[in-house]
Amino acid sequence: MNNKTLMIILVVVVMVILVGGYFYFRANKAQAPTNDQIQTPAPVPKQTPPPAANTTTLTPPTAAEIAAVPVSAIASVDTNMGSFQVTLNGKAAPQTVANFIKLAKNGFYNGLKFHRIVEGFMIQGGDPKGDGTGGPGYTIPAEIGLKHTLGAIAMARTGDAVNPTKDSSGSQFYVTLAPQTSLDGQYTVFGYVTSGMDVVTKIGAVPTDVNPASGEQSVPLQPVIINKITIQ
């Protein structure tokens, strides 16, 4: 076999090796998974937007709503520290009770807090601002008559200097932790705690700090939230 023949055979062998190698690596590459096959991110579920907040304009109770107020109704105040029930007196304070029921049914009090707690005196809540300056944008005429016994629920108000007729706040209320005869004739009481006074007492024992604006020891050091007020 001469050199020319050997050269031809060598070239053929090399070509066979190269062609075989090409198809071998191509086949193996086709079997390798791509990144998409290894890990395909799951689709993100579409979130349903939360329902829009109630933007209904708040107004005092109408004459028809006041006329329809029950003589007696139960308000169940559910808080993050427990629940208590108040019997509302629609005969002694019909406008105040009608307003309280209207706000409660509209969910106005949901999520608000007792922003002022004075040990042995009272707990106060119902302010959307949470600092004692807020309300629904209106006041309620005074309906003074009932006494401040233990567990009385009454409406807060501004002082006589700017409020000589003693009109009540549109939403802020307080519950007494003991009889408060000095308040009789000054504020509108519209009911009494008839169940769960132990919860009211527990709220009244929450530690407080000094309110820098008034100097009063009354700012709760832990949040006391009104989850919901239900009318029965």
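Since the model is a prediction, treat every value here as computed from it, not as a measurement.

Trainee: What is the right way to look at the environment of T139 in this model?
Mentor: Along the chain, the position of T139 falls in strand β5 (residues 139–140). Since its relative accessible area comes to 48%, T139 is described here as partly exposed. In the structure, T139 is positioned 31 residues away from G170 in sequence and 4.5 Å away in space, judged by C-alpha atoms. Among all residues touching T139, those that are not within four sequence positions of it are D167, S168 and G170.

Trainee: What's the story with the nonpolar core in this structure? I'm lost.
Mentor: If you look at soluble globular proteins, the nonpolar side chains tend to sit buried side by side. In terms of nonpolar packing, the biggest core is built from 38 residues, with F84, F100, Y109, F173, I203 and I229 touching the most fellow members. Non-local contacts of Y109, meaning those with residues more than four positions away in its chain, are made with F100, L103, A104, G126, S171, F173, I226 and I229. Counting residues in hydrophobic clusters, the runner-up holds nine residues, among them M122, L146, A152 and L183.

Trainee: Is there a simple way to explain the sheet that holds strand β9 (residues 189–195) in this structure?
Mentor: By definition, the strands of a sheet pair up through backbone hydrogen bonds, in either a parallel or an antiparallel sense. With antiparallel pairing, eight strands are arranged side by side in an open sheet as β3-β4-β8-β6-β9-β2-β1-β12. Of all the strands in the sheet, just β3 (114–118) and β12 (226–231) have a single pairing partner and so form its edges. Direction aside, the axes of adjacent strands within the sheet are offset by 25 degrees on average. Here strand β1 (residues 72–79) runs beside β12; their pairing, made up of five bridges, is antiparallel. Within the sheet, the bridge partner assigned to S76 lies in β12 and is T230. The sheet strands contacting helix α4 (residues 94–105) are β1, β2 (82–89), β6 (152–155), β8 (173–176), β9 and β12, and the helix crosses β12 at an angle near 120 degrees. Lying over the sheet, helix α5 (residues 197–204) contacts β1, β2, β3, β4 (122–125), β8 and β9, oriented at roughly 115 degrees with respect to β2.

Trainee: Sorry, what's going on with the packing of aromatic side chains here?
Mentor: The description of an aromatic ring pair rests on the distance of the ring centres and on the angle between the ring planes. The full count for this structure, using the stated rule, is seven aromatic pairs. Relative to Y109, the ring of F108 has its centre 5.4 Å away and its plane inclined at 85 degrees; by these criteria the two rings are edge-to-face. Comparing F108 with Y109, the two get one shared label, buried. With centroids separated by 5.6 Å and ring planes inclined at 85 degrees, the aromatic side chains of Y109 and F173 adopt a geometry described as edge-to-face. Of this pair, Y109 sits in the loop between α4 and β3 while F173 is found in strand β8, placing the two residues 64 residues apart along the sequence. The exposure class assigned to Y109 is buried, which follows from its relative accessible area of 1%. Counting every residue linked through ring pairs, the aromatic cluster contains F100, F108, Y109, F114, F173 and F190. Its end group placed over the ring of Y187, R157 keeps NZ or CZ at 4.6 Å from the ring centre.

What counts, and where the lines are drawn
- Residues numbered from 1 in each chain as written.
- Predicted model: local features only at pLDDT ≥ 70, side-chain atom pairs only at ≥ 80, totals over all residues.
- Heavy atoms only, no water.
- Helix = DSSP H or I, 4+ residues; strand = E, 2+ residues; numbered from the N terminus.
- Buried < 20%, exposed > 50% of the residue type's maximum accessible area, 1.4 Å probe, protein only.
- Contact = heavy atoms within 4.5 Å.
- Core = buried A, V, L, I, M, F, W, Y, C linked by side-chain atoms within 4.5 Å.
- Pairing = 2+ DSSP bridges.
- Axes fitted to C-alpha atoms, helices over the stretch in contact; angles between N-to-C directions.
- Phe/Tyr/Trp six-rings, centres within 6.5 Å; stacked < 30°, edge-to-face > 60°.
- Lys NZ or Arg CZ within 6 Å of the ring centre and 35° of its normal.

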